[in-house]
Structures are given as structure tokens and as C-alpha cells.
Amino acid sequence: MVTIDHVIRKTLFFSSPEQWDFQYDLIHAGNGTWRFKFQVSPRQETPTDWEIGFHLPGPGVQYLWYPNAGRDLRLRNVWEEDIPTMTSVGAPVFCLLDCNGENRLTITASETKKPLFWCIGEEEESAGFVVRVRYPADCFAKGNVWKSEWMLDERNMSLPRILRTVQLYWEEECGKSPMETPPEAFESVYSTWYSYHQYVTAEAVENECRLASTMGMKTVILDDGWQTGNETRGYEYCGDWEVYKPKFPDMKAHVQRVHDMGMKYMVWFSVPFVGKYSKVFPRFKNKLLHFQEDRGAGVLDPRYPDVREYLVSIYKDRMQAYGWDGLKLDFIDEFHMWDDTPAFLPGMDCACVQEGVEKLMIAVREAVLSVCSHAMIEFRQRYIGPDMRRFGNMFRVTDCPMDLLCNRTGMVNLRMLSGDTAVHSDMLQWHPSVSAEEAARQIWNVLFGVVQISVRLADMSPEQEKMMRFLLRFRRENRDILLHERLHVQDPSALYPVVWAMGPGRVIALCSESRTAACLPAEKSLCLVNTSGRPQTLLQLQDSGRYHVTFYTCQGDRCGETTVTLKAGDVVSLPVPVCGLAEMQFDRE
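All residue numbers refer to positions counted from 1 along the written sequence of the respective chain. Per-residue local features are limited, in this predicted model, to residues with pLDDT of at least 70; the limit for side-chain atom pairs, both in listing and counting, is 80 or more; totals at the level of whole chains, interfaces and linings are taken over all residues. Side-chain descriptors were evaluated using all non-hydrogen atoms of the structure, hydrogens and water having been removed beforehand.

Visitor: With reference to specific residues and values, describe the overall build of the protein chain.
Guide: Numbering of helices and strands runs from the N terminus; a helix is a DSSP stretch of H or I covering at least four residues, while a strand is a stretch of E covering at least two. If you tally the helices and strands in the protein chain, you get 13 helices and 33 strands. Only the C-alpha atoms count toward the radius of gyration. The rule for a globule is 2.2 Å times the residue count to the power 0.38. Computed over the C-alpha atoms, the radius of gyration of the protein chain is 25 Å, within 12% of the 25 Å expected from 2.2 N^0.38 for a compact globule of 589 residues. Along the three orthogonal principal directions, the C-alpha set of the protein chain runs to about 75 × 65 × 35 Å. Residues counted as buried form 60% of the 589 residues belonging to the protein chain. Three exposure classes are used, based on accessible area relative to the maximum for each residue type with a 1.4 Å probe and protein chains only: buried under 20%, partly exposed in between, and exposed over 50%.

Structure, rendered in C-alpha cells:
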């Protein structure tokens, strides 16, 4: 690939120079990295949006990774819809990868708050790529000079390594210091959502917690349904956030009973929604970003101080009144400009919606921490960028019930960019009739994230319960490696068929494809988890060694053992049970 300084100096373009004053500098930061620094200010009262970009040669580029790509790492075309990033949606980092999943070019923006609209697309005419970013004019005030930069990294590095540099760049150079994550955020969770939806009651929660606490779950998240008797899955009644007494007659006493079981208590809120049947709707009906007819609810406009004050007061009051330990704050990605969103109006204290989001989330964080110093705040993909890490300490995979591939992919994508923030799986569910192996596959596939369980525990078969107890115990015993060590991945384009992490003298690997060899260092202790559908795991060690191997089923029963001698680089097949594991110990003899 031609060096990026040559590419930018030759192909850089920006729009509407008659409306915008634009200046830039390209600085070599050493070791294959560059800083593209620029400043812009509007020349007119009402300029149009402006764009900046460059053209990039195509050799070697096979895939495009970005934080909300999910399972879609294909190369995009220039005519496709732009990718938005802002405080409430995504994060401005894009990695062009080669066929081995190694970095060819990573583009990272220092501007993580304002809305940017990215085109990283293949250009048919040149067989190359266009990198283009659109900046909405309504976020810039006339006469103000706005400065920003992109970090451009050409180093040939693995995806986890390159994203680690991005995470540290945002934290250390852009001042995006993350909210402290308490140890409780790394404990296994029981969630009421898939198991009960809106039909949840205090009695049901306590029954589940009674079992969950004996299995090793330490937190319960009470999801939608606690605040309404309406059970149609809509949002028409959101906004008042008053406990629905027929379901929870004494919320404070109920929470205390759960605390007495040794569990923390978190509660769900759909932050932006104010339903058309709520008591507060008349108060806020003219302070909306947009009304969503399909949901029967408006999206509150955080640019109004009284909107923010209302939400903050609700969260603080409810936590104080009932003794909650944290909040699950949902749908923050609905805070953005819509086609019918009004411009700046009297009563607002900022023009940019994302400025309002930042003001809101700072106030929420401080209010919650003032009530509970170890409070947990959960956010969900898509709002998982560096700004959101300032306001929450639990990031969860997007809703994907029973979709283990989406859950594993989302978990790995979050782990690579979230630093010390606790990364949680989407809630796991399965049918009561499935085998223990099939249920175990759901849990194993999110091995490197905090697991959230959402099945009715009393309905599990004895085999499923035995499996659950074994897998949660395995996670507790290996928590330091699974949740705190840096991840290594193979084949991002194949959605991470092998993921592993290494602690002192021990490697744990998640092997999801029976035909993909796990390429691992020859540590004293190796653990291979097989979530494929075949009783086979391929292994390739970087150094030679002789190992004693013990095989276990997903219920923790020992089912075989052997001794193998492995030569560096050779691929061997081990008969690891389906959804079971192999524990390998270096044989000193």
C-alpha cells in the first residue's frame, strides 16, 4: 500500500470552500502512524454540511471492521448509506483488514461526540477506496474555529492489538476517561427479560433469585414490566416510572429480600421514551426530537434542561427510595436528529443533540453515584463508544435471543475496544426441552464476557441445571483470565472461530469450528472448549511439548484422558466432547 502521507497529499478533497475555511497539517507520528490535524470554521450564517476525504488504493484490503459491524465485515460500496458515529451511536474507528485479518489501515477520529457520517467504500471506477466524512453544519457556530484530528495507523498488527491502541488514544490523548467499574459488574447476572418479558412480578423475581444465587449469579436485572400493567410490549405508558403496585406491592421490602440472598439489584429504564398515555406526556409533548408512531412514544429532546432534570430526578429518587444498586439504561441510541427534529428553540441550552446527551449522562452518572458509590450502569450496543464509557461501566451485546453467533461476535467486538469496562453477553435463553449440550453452547460462546442468564431456572432439566452449575463455577474459577486478560482472535472474517486469552502459565481457548486449528502458545496449562457440533478440536502449538490431557463433558464429568506429544507447528486432532472441554497439563517427565 502506498504510504498514507502520499495518498492524502495527492487525493485530499473537501467541499464548499466558499462556505467553510479549512486548514490542515499531516504529521508523521512515527512507526507507521500519522496525525491528520485540521481546523474548520463557517464563513456564512447558514452553511451547508461539509465533507472531507481522500482516495485510497485497494491492494491487500479484503474486509472492513467497525464497532457496530456485527457479523458484516464485507467491503461496502461508496453508494451505500453512510455509517453514523456520535456519543449515542457507535464509535469513529474503521479498520481495513487483509485476508489474514491483519491491519492495513485504521482510521480513528478524535471527535467522538458530534455526529459524523462516514463513507468507507469501494470505488468501482478506480478499484480503490474512498474515505469520506460528512460533518453536519448545524453543530457548528459561525465564527467559531473547530479543531480535530484523525489518527491513521498503517502498522501490520492484529485486530485486537490495533484496537487497543485506539482505546488508549481516546483515553490518554482525547481525555475520555472511563467510569470506574466495580467488581460487582463482573459477576454473572440473572435477567428477567426473555424469561418473563412484561409479565414479571416480585414473587417471580424472588423465586428466580433464590435459585440463581445458589448457582453463582450475583446480580439480578429487573427489565420492562415493573412500571406498567400493560403487557403488549409497547412503550405507550413509559415516562412516569412509578412502580406498578399489583406486581410489586412493596418494592423496597422486595429488594431487601433479594439483597438478603446475596444479590445486587438493577432496574431497566427506556431513557428517551415518553409514552402517549403517560401522565407526563402533556408536559413534554412539545419537547420531543420525534414521535415514534409504531412505539406510541415520543423521544425526549435532551437539549431542554427541564427534560434532563426530570430524568435525573427520577433515577435518583427511585434508587434512594428502593435501594437499587444500578440501572439498565436502554434506547439511548434514539437520541439523534430526526427528519422532523426542530432546530434550536427558546428553552434549549445547546443546539447539538449530542451536547444535550452529554449533559444528561454526566448528570445521571453523578446522581447515581451520589446514591450508591458502587453503582452499575448498563448500556447496550449501539451506544458503546468512548464517550459512553465515561457514563457507564457495563456494555452489553445487542439483543440477539438464541443467536449464539451474534452473541459471540458482539462480545468479542466489545471486548477489543472497551478496556476495563465490563462486557456482558446478551441475555441467554433456550427451550426447556433442549439437551444440556445445546444449552451449554449458548453459555460457552460468550466465555470471554460476563454471562446474563434469562431462562426460568425451575423449568430446567436436571441435566441443564448440572451443566449450568458447572459452567458458572468454571467461569468464577477462571475469571481473571476470561474477563481481565487481553483477547487474541483468529480469522475475524470468519467471526472469530478461535478466541483465547492467557494468564500466568495458562491459556483458555474457545474453539467454535471443528476444522479450524487453535494456534496457541505452549503454556504449562491449556484449556480447550469445544462448541462445535463435532467431538473434535484441532490444535497447533507454537512450541513442542508433552501434555497429559483430561476430557470433561459440559456437566463437568470426566470422560477420558490421554497423553500427547506435540511438535511445534504440527496440527493434531483431539477428541474433545461436544460442548465439553480438554484440560491439558504440561508433562514434566
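Don't stop here, the text continues.
Visitor: Describe in detail the pairing of strand 29 (residues 537-541), supporting the description with residues and values.
Guide: Moving residue by residue along a regular strand, the side chains alternate between the two faces of the sheet. Within strand 29, four of the five residues are buried, leaving the element largely enclosed by the surrounding structure. We call two strands paired when DSSP finds no fewer than two bridges between them. Two elements, strand 27 (residues 518-520) and strand 29, share three bridges in a ladder whose sense is parallel. Paired with cysteine 519 across the bridge in strand 29 is glutamine 540.

Visitor: Can you lay out the side chain of glutamine 464 for me, pointing to particular residues and giving the numbers?
Guide: As for its placement among the helices and strands, glutamine 464 is situated in helix 12 (residues 462-477). Engagement of the side chain of glutamine 464 in a polar contact is seen with the backbone oxygen of valine 434, the distance being 2.8 Å. The residues touching glutamine 464, leaving out its near neighbours within four places in the chain, are Trp430, His431, Pro432, Ser433, Val434 and Ala436. By the criterion applied in these results, polar contacts are pairs of N or O atoms within 3.5 Å in which, for protein atoms, one can donate a hydrogen and the other can accept it, and in which residues neighboring in sequence qualify only through two side-chain atoms. Residues count as neighbours in contact if any of their non-hydrogen atoms are within 4.5 Å of one another.

Visitor: Can you explain the packing of aromatic side chains? Please cite residues and give values.
Guide: Any two rings among Phe, Tyr and Trp, with Trp reduced to its six-membered ring, count as a pair given centres within 6.5 Å; such a pair is stacked if its planes are under 30 degrees apart, edge-to-face if over 60, and tilted if neither. The final tally for this structure, using the stated rule, is 36 aromatic pairs. Where phenylalanine 22 meets tryptophan 50, the ring centres are 6.0 Å apart and the plane angle is 50 degrees; that geometry is what we call tilted. With a gap of 28 residues between them, phenylalanine 22 in strand 2 (residues 20-30) and tryptophan 50 in strand 4 (residues 50-56) connect regions that are remote in the sequence. Tryptophan 50 carries the same exposure label as phenylalanine 22, and that label is buried. Taking the centre distance of 4.9 Å and the plane angle of 40 degrees together, the rings of phenylalanine 273 and phenylalanine 331 count as tilted. Here phenylalanine 273 is found in strand 16 (residues 273-275), whereas its partner phenylalanine 331 is found in the loop between strand 19 (326-330) and helix 8 (353-371), with 58 residues between them in sequence. A residue is classified by how much of its surface remains accessible, and phenylalanine 273, at 1% relative accessible area, is buried. A relative accessible area of 9% means that phenylalanine 331 is categorised as buried. Note on criteria: charge over ring means Lys NZ or Arg CZ within 6 Å of the ring centre, with the direction from the centre no more than 35 degrees off the ring normal. We note arginine 134 situated over the ring of phenylalanine 117; from NZ or CZ to the ring centre the distance is 4.4 Å. In this arrangement the basic side chain of arginine 380 is found over the ring face of phenylalanine 331, its NZ or CZ atom lying 5.3 Å from the centre.

Visitor: Now, about helix 4 (residues 202-215): what can you tell me, with residues and values included?
Guide: By definition here, a helix of n residues has an expected span of 1.5 Å times n minus one. Under the 1.5 Å per step criterion, the end-to-end length of helix 4 is 20 Å for 14 residues, consistent within 8% with the ideal 20 Å. Restricting attention to buried positions, one finds in helix 4 the residues Ala202, Ala204, Val205, Glu206, Glu208, Cys209, Ala212 and Met215. Along its buried surface, helix 4 packs onto strand 13 (189-191), helix 3 (193-196), strand 14 (219-222), helix 5 (251-260), strand 15 (264-270) and helix 12. In the segment just after helix 4, glycine 216 is the residue with positive phi, at about 110 degrees.

Visitor: Account for the nonpolar core, with residues named and values stated.
Guide: Counting residues in each nonpolar core, the largest one holds 179 residues, and the members touching the most others are Trp65, Trp150, Tyr265, Trp324, Leu329 and Trp444. No other element matches the eight residues that helix 7 (residues 305-322) contributes to this core. With residues up to four places along the chain from it excluded, the contact list for tryptophan 150 reads Trp34, Arg35, Phe36, Phe38, Ile52, Phe54, Ile107, Thr108, Ala109, Trp118, Val133 and Tyr135. Residues Leu520, Leu526, Leu541 and Leu566 belong to the second largest nonpolar core, which totals 20 residues. Throughout this description, the term nonpolar core refers to a set of buried Ala, Val, Leu, Ile, Met, Phe, Trp, Tyr and Cys residues connected via side-chain atoms within 4.5 Å.

Visitor: Can you break down the sheet that holds strand 8 (residues 93-97) residue by residue, with the values?
Guide: Read across the open sheet, the six strands follow the order 2-3-12-9-8-5; overall the sheet is antiparallel. Each edge of the sheet is formed by a strand with only one pairing partner; in this case those strands are strand 2 and strand 5 (63-65). Strand after strand, the sheet turns through a mean of 15 degrees between neighbouring axes, direction not considered. Taken together, the eight bridges between strand 3 (residues 33-42) and strand 12 (residues 146-153) define a ladder with antiparallel strand orientation. Of the residues in strand 12, the one forming a bridge with glutamine 39 is lysine 147. Of the strands in this sheet, strand 2, strand 3, strand 9 (103-109) and strand 12 are in contact with helix 1 (residues 4-11), which crosses strand 2 at around 165 degrees. Here an axis means a line fitted to C-alpha atoms, over the contact stretch when the element is a helix, while the angle between two N-to-C directions is reported on a 0 to 180 degree scale.

Visitor: Tell me what's going on with helix 8, and back it up with residues and numbers.
Guide: Given 3.6 residues per turn, any residue in an α-helix points the same way as the ones three and four places further on. For helix 8, with 19 residues, the first-to-last C-alpha span of 27 Å sits near the 27 Å given by 1.5 Å per residue. Within helix 8, burial applies to Val353, Gln354, Gly356, Val357, Glu358, Leu360, Met361, Val364, Arg365, Ala367 and Val368. Buried positions along helix 8 lie against strand 17 (288-292), helix 7, strand 19, strand 20 (376-380) and helix 9 (386-389).

Visitor: Go over unusual backbone geometry with me, naming the residues and quoting the values.
Guide: Of note in this structure, tyrosine 496 is not a glycine but carries a positive phi near 60 degrees. Structurally, the position occupied by tyrosine 496 is in the loop between strand 24 (487-490) and strand 25 (498-503). We classify tyrosine 496 as buried; its relative accessible area is 0%. Residue cysteine 579 is not a glycine yet carries a positive backbone phi of 60 degrees.

Visitor: Which residues make up the packing of helix 4 against helix 5, and what are the values?
Guide: Where helix 4 meets helix 5, the closest approach of the two axes is 10 Å, and the angle between their N-to-C directions is 5 degrees. On the basis of their axis angle, the class for helix 4 and helix 5 is roughly parallel. Here Ala202, Val205, Glu206 and Cys209 of helix 4 come into contact with helix 5, specifically with His254, Arg257 and Val258. Note that the term roughly parallel is reserved for angles under 35 degrees, roughly antiparallel for angles over 145, roughly perpendicular for angles of 65 to 115, and oblique for everything else.

Visitor: An account of the pattern of salt bridges is requested, with residue identities and associated values reported.
Guide: A carboxyl oxygen of Asp or Glu within 4 Å of a side-chain nitrogen of Lys or Arg is what we treat as a salt bridge. Overall, the coordinates contain 37 salt bridges when judged by the stated rule. For the salt bridge of aspartate 49 with arginine 134, the shortest nitrogen-to-oxygen distance reads 3.0 Å. Linking aspartate 49 in the loop between strand 3 and strand 4 with arginine 134 in strand 11 (residues 128-135), this pair joins segments that are 85 residues apart in sequence. For aspartate 49, a relative accessible area of 31% corresponds to the partly exposed category. Arginine 134 gets classed as partly exposed once you look at its relative accessible area, which sits at 25%. The salt bridge partner of arginine 365 is glutamate 366, with a shortest N-O separation of 2.7 Å. Arginine 365 gets classed as buried once you look at its relative accessible area, which sits at 17%. Given a relative accessible area of 42%, glutamate 366 falls into the partly exposed group. Taken together, the shared-partner salt bridges in this structure form one network comprising Lys113, Lys176, Glu355, Glu358, Asp387 and Arg390.

Visitor: Quick rundown of the sheet that holds strand 33 (residues 581-586)? Include the residues and the values.
Guide: In space, the seven strands of this open sheet follow the order 24-25-26-28-33-30-31, with mixed pairing throughout. Two strands close off the open sheet at either side, each with one partner strand: strand 24 and strand 31 (558-566). Between one strand axis and the next, the sheet turns by 20 degrees as a mean value, whatever way the strands run. One ladder, built from four bridges, connects strand 24 with strand 25; its direction is antiparallel. From the neighbouring strand, leucine 487 faces strand 25, where its bridge partner is alanine 501.

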